[in-house]
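Given next are the chains, with one letter for each unit.
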Amino acid sequence: KKARALAIDTGKRIATGILYRNEDVPNFYERCVPRQGKTTTLASLIDIINRKCDKHIITIEDPVEYIHKTHKSLITHKNLNIHIKDYNAALLSAMREDPDVILVGELRDPISIQTAITASETGHLVLGTLHTAAVIQTIERLVNTFPPSV
């Protein structure tokens, strides 16, 4: 089994864990050139939530890469450019559907990043990716996305 270490800062505490790749989830490393494992990590997180919790999960991807079977959670997959026109519109639509978890395949622009932050501030667990090569680049990109407040 492949494993990935994970740390999440919830604001009140830091949660850590190890994710084991579910055998039902295709091996991302054999299909993707960047080989960073972002999509596989998100799929594993969704799978863990789906198997252990009774939640409403919405995934928004371009294209949908993993179709999750229903276990304990209700999962809705939205394919960008087929079901919805862009990530921002998909996020706004998702928030109206009262999900517990929203997966955003890629946070591409300041508007979708801001909408994802708003969704998380309203109590949704939002999982997403930024296409960066290192953690410091991710933080810099998020910080530089918004103008400094005066």
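Rules and cut-offs
- Residues numbered from 1 in each chain as written.
- Predicted model: local features only at pLDDT ≥ 70, side-chain atom pairs only at ≥ 80, totals over all residues.
- Heavy atoms only, no water.
- Axes fitted to C-alpha atoms, helices over the stretch in contact; angles between N-to-C directions.
- Helix = DSSP H or I, 4+ residues; strand = E, 2+ residues; numbered from the N terminus.
- Parallel < 35°, antiparallel > 145°, perpendicular 65-115°, else oblique.
- Left-handed = near helix turned anticlockwise from the far one by under 90°.
- Contact = heavy atoms within 4.5 Å.
- Nonpolar A, V, L, I, M, F, W, Y, C, P; charged D, E, K, R; others polar.
- Expected span 1.5 Å × (residues − 1).
- Buried < 20%, exposed > 50% of the residue type's maximum accessible area, 1.4 Å probe, protein only.
- Patch = residues over 30% accessible without salt bridge, like charges linked within 9 Å, V, L, I, M, F, W, Y side chains within 5 Å.
- Areas by Shrake-Rupley, 256 points an atom, 1.4 Å probe, with all protein chains shown as cover.
- Salt bridge = Lys/Arg side-chain N within 4 Å of Asp/Glu carboxyl O.
- Core = buried A, V, L, I, M, F, W, Y, C linked by side-chain atoms within 4.5 Å.
- Pairing = 2+ DSSP bridges.
- Polar contact = N/O pair within 3.5 Å; in protein donor to acceptor, adjacent residues only side chain to side chain.
- pLDDT = per-residue confidence, 0-100.

## Observations concerning the packing of helix H2 (residues 87-96) against helix H3 (residues 110-121)
Orientation of H2 relative to H3, taken along the N-to-C sense of each, is 15°, at an axis distance of 8 Å. With respect to H3, the element H2 is oriented roughly parallel. Handedness of the crossing formed by H2 with H3: left-handed. Along its contact with H2, which presents Tyr 87, Asn 88, Leu 91, Leu 92 and Met 95, the element H3 presents Ile 111, Ser 112, Thr 115, Ala 116 and Ala 119. Along the lines of polarity and charge, the residues of the contact of H2 with H3 split into seven nonpolar, three polar and no charged.

## Quick word on helix H1 (residues 38-52)
End to end, H1 covers 21 Å across 15 residues, agreeing with the expected 21 Å (1.5 Å per residue, within 8%). Most of H1 sits out of view: 11 of its 15 residues are buried. Residues Thr 39, Thr 40, Thr 41, Leu 42, Ala 43, Ser 44, Leu 45, Ile 46, Asp 47, Ile 49 and Asn 50 constitute the buried set of H1.

## Overview of a nonpolar patch on the surface
Taken together, the side chains of Val 135, Ile 139 and Val 143 present a nonpolar region at the surface, about 290 Å² in accessible area. Given a relative accessible area of 63%, Val 135 falls into the exposed group.

## Quick word on the nonpolar core
One finds Ile 60, Tyr 87, Leu 91, Ala 94, Ile 102, Val 104 and Leu 107 to be the most contacted residues of the largest nonpolar core, which totals 15 residues. Looking at this core, the elements that each hand over two or more residues are strand E3 (56-61), H2, strand E5 (101-104) and H3. Dropping the residues within four chain positions of it, Ile 60 is found in contact with Lys 78, Tyr 87, Ala 90, Leu 91, Ala 94, Ile 102, Leu 103, Val 104 and Gly 105. Leu 42, Ile 57, Leu 103 and Leu 127 belong to the second-largest nonpolar core, a separate cluster that totals nine residues.

## Let's talk about the sheet that holds E3
The strand order across the open sheet built from four strands is E4-E3-E5-E6, with neighbouring strands paired in parallel fashion. Lying at the two open borders of the sheet, with one neighbouring strand each, are strand E4 (74-79) and strand E6 (125-128). On average, each strand axis in the sheet is tilted by 15° relative to the strand beside it, whichever way the strands run. Sheet analysis places E3 next to E4, joined by six bridges and oriented parallel.

## A short note on the environment of Leu 103
Tracing the sequence through the fold places Leu 103 in strand E5. Relative accessible area serves as the criterion here: at 4%, Leu 103 is assigned to the buried category. In sequence terms Leu 103 and Leu 127 are 24 residues apart; their C-alpha atoms lie 4.7 Å from each other. In this structure, Leu 103 is in contact with Leu 42, Ile 46, Ile 58, Thr 59, Ile 60, Glu 61 and Leu 127, ignoring residues within four places of it in sequence.

## As for the side chain of His 124
Residue placement: His 124 occurs in the loop between H3 and E6. One polar contact links the side chain of His 124 to the main-chain carbonyl oxygen of Ala 119, over a distance of 3.0 Å. Of note is the side chain of His 124, whose polar atom sits 3.0 Å from the side chain of Thr 122. Ignoring anything within four residues of it in the chain, the contact list for His 124 reads Met 95, Pro 99, Asp 100, Ile 102 and Ala 119.

## Looking at the confidence of the model for the protein chain
The predicted model of the protein chain averages 79 in pLDDT, with 75% of residues at 70 or higher. Of all secondary-structure elements in the protein chain, the lowest mean pLDDT belongs to strand E2 (residues 14-20), at 52, while E5 reaches the highest, 95. Low pLDDT, under 50, characterises residues 19-23; the predicted model gives this stretch 19 contacts beyond four residues in sequence or across chains. In this model residues 26-34 is a low-confidence stretch, pLDDT under 50, and it forms 18 contacts with partners more than four residues away in sequence or in other chains.

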